[in-house]
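# Understanding the architecture of this molecule
So you can see what is in the structure, the chains are spelled out below.
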Amino acid sequence: MASYLRPELLADALSALAGGARTVLAGGTDFYPARVGRLVDEDVLDITAIGELRGVRAERGGLRIGATTTWSDLLAAPLPPWCRALQQAAREVGGVQIQNAGTVAGNLCNASPAADGVPALLALGAEVELASVAGRRRLPLGEFVLGNRRTARGPQELVSAVLVPPWSERARSVFLKLGARRYLVISIAMVAAVIEPDAAGRVARCGVAVGACSAVAQRLSALEQALVGATLDVRIGARAHQEHLAGLTPIDDVRGTAEYRADAALTLVRRALESLAA
Amino acid sequence: MNEPVEPGLAAEAGAIAFRLNGVARVVAASPASRLSDVLRESLGLTGTKVGCNAGDCGACTVLIDGRQVCACLTALGQVAGRDVTTVEGIARDGALDRLQRAFHAHGAAQCGICTPGMLMAATDLLARNERPSESEVCDALGGVLCRCTGYRKIVDAVLAAAAGEVALAVPAAGRAVGSRAPKTDGAAKLTGAERYGADRWPPGALWLRAVRSPHAHARFSIGDLAALRARHPGLLDVLTARDVPENSFGIFPDHKDQPVLADGLARFRGEAVAALVGEYETVMRIDEAELPIRWEPLEARTEIGQALAATDAPIHAARPDNVLIRGRVARGDVDAALAQAAFVAEGEFATSLVEHAYIEPEAGYAERVGDRLRIFACTQTPYMDRDEVARVLGVAPAQVHVVPSAVGGGFGGKLDVSVQPLLALAAWKLGRPVRTAYTRPESMASTSKRHPARMRARFGCDRDGRIVGAEFHGDFNTGAYASWGTTVANRVPIHAAGPYVVPNVRATTRAIYTNGPIAGAFRGFGVPQSTIAHEALLDELAERAGIDRLELRHRNALRAGQPTPTGQVLRASCGLAQCLEALRPRWRAAVAAAEAFNREQAARGGDAGRRRGVGIACMWYGIGNTVIANPSAMRVSLRKDGQFVLYNGAVDIGQGSNTILAQIAADALGVRLDAIDYVMGDTDLTEDAGKTSASRQTFVSGNAARLAAAALRRKLLQRLEVGENAELAIERGELVGIEGGRRSAIPLAYLPADARGDVEVGRGEFNPPTVPLDADGQGEPYATYGFAAQLAELEVDLALGTVHLLGIAAAHDVGRAINPTQVEGQIHGGIAQGIGLALMEEYHAGRTDNLHDYLVPTFGDVPPIEVHLIEDAEPLGPHGAKGVGEPALIATAPAIFGAIRHATGVTVRHAPATPDRLRAWIKASAR
Ligand SMILES: Cc1cc2nc3c(=O)[nH]c(=O)nc-3n(C[C@H](O)[C@H](O)[C@H](O)COP(=O)(O)OP(=O)(O)OC[C@H]3O[C@@H](n4cnc5c(N)ncnc54)[C@H](O)[C@@H]3O)c2cc1C
Ligand code: FES
Ligand code: FES
């Protein structure tokens, strides 16, 4: 029979991973759906009992989101206003059952092109902290998620936390998700935007990311550059153009056509920016 | 019957200890097992349901430390030391708690398969938020899908429970009909006690797992299975076509085209080619790659056009042109009428494959008992199952005993056999009980769907908007096997001109074989598709003729005394005009409000605007089978213990026939509703009531129940020697008749009982009168018709192509509402399915075999619904009642499409109007 470990200490978890291949299990909301009609008979490392991995803490002005922090934990946490996009995404992941079990880190590790957690964290400039018996390392999120269901995580590594850098008090963020029904819906496209205005009301720093329109969600750097220095008012949406989305590679699937995705993504980007000006 | 593995108290090494419904438990099972499996299989608590094992349906929702999670996504190991609450833990000391009572009173559980999940999610919410708002209720329960109720009554129930105590209606004797009596089988659905197909199994039952074709069309050969069996000692048998005595089944006696196990040729993706039978763990561990099956894929013709073009290699030799059947109704001279019409509208319309998506996947068990076979499974038609299984096994029908389980939703999809012949074969051959439950992907791939239609229609009217002629042709993709394709092809032409007076009609159909998924029966048998076509064209005619859309329909509405396209003259119960009149005030206000909103939006400019629209659509629907006899027989007895029993062969699939029939029987007997017990569908105990489809059980079986109860009443009054107006009662072990001041009594103990304990039995039978159709489809195909009009208000986001429904109003002529709560429930649920058909449901074989790629409406997708019950009594119906099950759904999609057209100017020609399609149409129309 397969082995199942549920250690309470991170160190024990890391040595278990060092001891041989194991599938990491967190909230199980991606793990079990991938095994419909099958028995679980691989070796499992369940990380949900590791107390030190759970919860959101302020760290160096930013946030440290422990690996087993659930979407509900994130929603309940008193976060600064620039984290609103992240909390809006949390509210849109599955239904409450999924939010109560599913973890932010699991969402990143699962690396679905439609992962709702990725655009907000990308826009905010988050990093992923990986731990193994050899130590810890950090990777920008964009370098961690490599493709559809592919990450830079080594077989002996755990994601121990997601780290969000600080933004100023004035910064605000927003997340918009487009799906074909209200609840429990995989995004056709989604957009996260964060804008930090200067004292004069001009864009000092910003991040805009689009998900479900390429294998990995992407930052729109050209747009971000074009926005810096712009006045943050309702006309800001009009600054976004289809060329800014040129790096996206949307596909046709059961949820929508590539053409529609490109078109809708631009609408969402504009609306996201406008909502931050309101 | 189920064997809970009672865990020892001391935690063994590796055993998991937790509190379950307040009691400490220790379970020795693999810690990576899904909690749902452990609860059901190891602990025997089957109240937690499994609809998908993927987090998509929420039926398995339980509370862990008070918070809702999916038990199917929770490792047993994760509940160590925690508190788990399941639906079995809600009722207090055996009595329903406030939330359960609220569900009961509001009719919030129909089939009840989603109910445990709903209750758990709501319990979590109410513990955290004593007075939630409607949107908070939707947010909290949004992770649980319901396919029956349309969610509105669930929201009402949760809000009512939050507001305080809830009263249950208890009708007095003789007052059951017309009351809002809660479901007679409702309590079991609220406590988790109800047993669905997967919830009961005999000790030692083996597991059956079907092996299915990954190709839409392929030849295959199965090699030597001995090596496989040697490798897996727990694998007791592998059934193949060779094991099937008579390897064909199908709905119609003269056309049995579907094999139980394909014999060397698979005609659709998901077709069963073999069945592994053995110990559960062994059978589930076997990798399909291990099976010695050699596939030779062939060209798959999944589309109508491909199948019609490719007659060189027909899908079935018996149909060289791939046309299963043609249907036709012709009356008058349609060409001349359209040539002379003042206005003509025409168009082509297409619909997609739609999946029933009941939350309960097919499941059951079979067990050989001597030379008989018992089958316990979910079904809509126990007698057809019995005959089908007997035929396949080559035994007499009397040797097969079908015991229907509670059914977790059917909608037509459980009219065909699924697990039954497979289980029967295995149990018969091995002499051991065998069980199975389809996985969600398996259920979706292998069972029937709604026919995709390709339709062309032309309608013409005169200057006053009176319809002068209608022409319709529809091709229906029936997939690899006939299933109910014939019924669809025959029913559609009768209904294709709509519920209007149309003097000249030519309506034709074809059901076409392809290598697509089997299309069969689905709420409405093709009429929802054809209604999309005629209602779109009526909107166009109204526009051309400059007549309000509702008024044009009102002017043309079929009324008593006027002929239908089959030449039938309805003498009564033809309430479409009243339905439209009921909606007229809201219609006028809504149209004016939408147009004002749009003017204001247009004034703002920009392409990111929103537009509102209002649509109206009408429908009619013949109740019962098309011409074919569809009798029902019921018996009502008095048992020696003083209980009245309704022997009811009609399966309640959640629509409520158990309650409706008992209400009718109670009033006909003159006793209280709670004096009536019932036995449902058991083929050894009840007579054939026919299938639960075609919206026929209230009308047809309702009459049979009324006649049976009246017969019993007559017999009892005779025994008591009292007159026919006497009051009947059971008092202290005596049968009592009271007439005027006179009391007559017989001790029940004096009456001899038959083998079942019945001391007197009344029998009733009803077969609705019809007149066969001639070659032009002229005749009287149905004894009565349901009518309805629905109105939809919505807002379209022009830039995204998304539709936000604001409200729906539905007026239905149901003859008489035997139970208004249940009728409303049917209408709400039908509307929810109509919303799915209109906006999101589209099945693609192999790509949407789950409930996250195949989308059905959730809590947030069904707007407030206003129901108007029009009671234009049907003289033939029990208390004037007709049916409503299917009519509920038919007008919804066309009303939504009419509203989209009103909002955007775009005519929806391809359902569903998904955001990408609608956006593309809006862009194209702007050019
Ligand atoms: C019904 C339903 C609806 C959903 N809706 C949405 C949605 O709307 N949007 C969305 O984005 N997602 C959605 N999801 C997906 C899922 O809930 C999220 O991706 C979730 O955040 C995954 O977290 P988890 O803890 O459940 O991961 P798990 O299932 O436990 O693990 C996911 C994967 O990540 C690995 N993993 C997990 N944690 C770690 C770690 N710390 N280190 C290394 N590897 C790890 C696992 O090995 C596994 O491969 C939905 C899922 C379901 C079932
Ligand atoms: S069975 Fe768990 S969500 Fe469907
Ligand atoms: S009552 Fe909800 S699925 Fe049937």
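Residues numbered from 1 in each chain as written. Chains lettered and ligands numbered in written order. Predicted model: local features only at pLDDT ≥ 70, side-chain atom pairs only at ≥ 80, totals over all residues. Heavy atoms only, no water.

This part takes up the overall build of chain B. From N to C terminus, chain B includes 23 helices and 33 strands. In terms of overall size, chain B behaves like a compact globule, its C-alpha atoms giving a radius of gyration of 28 Å where 927 residues would be expected to give roughly 30 Å. In terms of overall dimensions, chain B has C-alpha extents of about 85 × 80 × 60 Å along its principal axes. Counting the 927 residues in chain B, one finds 66% classified as buried. Surface accessibility of chain B: about 29700 Å² in total, with carbon and sulfur atoms responsible for 49%. The averaged location of the 105 negative side-chain charges in chain B is 2 Å from the averaged location of its 97 positive side-chain charges. (Helix = DSSP H or I, 4+ residues; strand = E, 2+ residues; numbered from the N terminus. Rg over C-alpha atoms; globule rule 2.2 N^0.38 Å. Buried < 20%, exposed > 50% of the residue type's maximum accessible area, 1.4 Å probe, protein only. Areas by Shrake-Rupley, 256 points an atom, 1.4 Å probe, with all protein chains shown as cover. Lys, Arg positive; Asp, Glu negative; His and termini not counted. Charge placed at Lys NZ, Arg CZ, Asp CG, Glu CD.)

Now for the pattern of salt bridges. Tallied over the full model, the rule gives 83 salt bridges over all chains. Measuring nitrogen to oxygen at the nearest pair gives 2.6 Å for the salt bridge that ties R101(B) to E165(B). Of this pair, R101(B) sits in helix α2 (residues 98–106) while E165(B) sits in the loop between α5 (152–163) and α6 (186–191), placing them 64 residues apart in sequence. Take R101(B): its relative accessible area is 21%, and that puts it in the partly exposed class. The closest approach of N and O atoms between D677(B) and R639(B), which form a salt bridge, is 3.9 Å. Here D677(B) is found in strand β26 (residues 676–680), whereas its partner R639(B) is found in strand β24 (residues 632–639), with 38 residues between them in sequence. Where salt bridges share partners, they join R57(A), E59(A), R60(A), R64(A), E129(A) and R136(A) into one cluster. (Salt bridge = Lys/Arg side-chain N within 4 Å of Asp/Glu carboxyl O.)

Tallying the contact residues gives 44 residues for chain A and 61 residues for chain B. Summing both sides of the interface, chain A and chain B together bury roughly 4100 Å²; the carbon and sulfur share of this comes to 59%. Its largest share of buried area at the contact with chain B, chain A owes to Q97(A), R181(A) and Y183(A), together 18% of the area lost on that side. For R285(B), the salt bridge goes to D41(A), with nearest N and O atoms at 3.0 Å. Applying the counting criterion to the chain A and chain B interface returns 21 residue pairs in polar contact (both at pLDDT 80 or more). Of all the elements, helix α9 (residues 258–277) of chain A adds the most residues to the side of chain A that touches chain B, at 7 residues. (Contact = heavy atoms within 4.5 Å. Buried area = accessible area lost by both parts, 1.4 Å probe. Polar contact = N/O pair within 3.5 Å; in protein donor to acceptor, adjacent residues only side chain to side chain.)

What follows is about the nonpolar core. Within soluble globular proteins, side chains that are nonpolar tend to cluster in buried spots. In terms of nonpolar packing, the biggest core is built from 166 residues, with F103(B), M118(B), L141(B), V158(B), I896(B) and F897(B) touching the most fellow members. Each residue touching I896(B), except ones within four places of it in the same chain, is listed here: A792(B), L794(B), L805(B), I835(B), A838(B) and L839(B). F31(A), I65(A), A85(A) and V38(B) belong to the second-largest nonpolar core, a separate cluster that totals 87 residues. (Core = buried A, V, L, I, M, F, W, Y, C linked by side-chain atoms within 4.5 Å.)

All names here are of chain A. Where strand β4 (residues 56–59) lies against strand β5 (residues 62–66), 4 bridges are found, and the strand directions are antiparallel. For R57, the partnering residue across the bridge sits in β5 and is R64. With antiparallel pairing between neighbouring strands as the criterion, β4 and β5 make up a hairpin whose turn holds 2 residues, including R60 at a positive phi of roughly 45°. (Pairing = 2+ DSSP bridges.)

We now examine the packing of α2(B) against helix α3 (residues 115–128) of chain B. All names here are of chain B. Contact geometry of α2 with α3 gives a least axis separation of 10 Å together with a crossing angle of 130°. When the axes of α2 and α3 are compared, the pair comes out oblique. Remark: the crossing between α2 and α3 carries right-handed chirality. Residues L99, Q100 and F103 of α2 pack against T115, M118, L119, A122, T123 and L126 of α3. Each residue belonging to the contact of α2 with α3 can be placed in one class, and the counts come to 6 nonpolar, 3 polar and no charged. (Axes fitted to C-alpha atoms, helices over the stretch in contact; angles between N-to-C directions. Parallel < 35°, antiparallel > 145°, perpendicular 65-115°, else oblique. Left-handed = near helix turned anticlockwise from the far one by under 90°. Nonpolar A, V, L, I, M, F, W, Y, C, P; charged D, E, K, R; others polar.)

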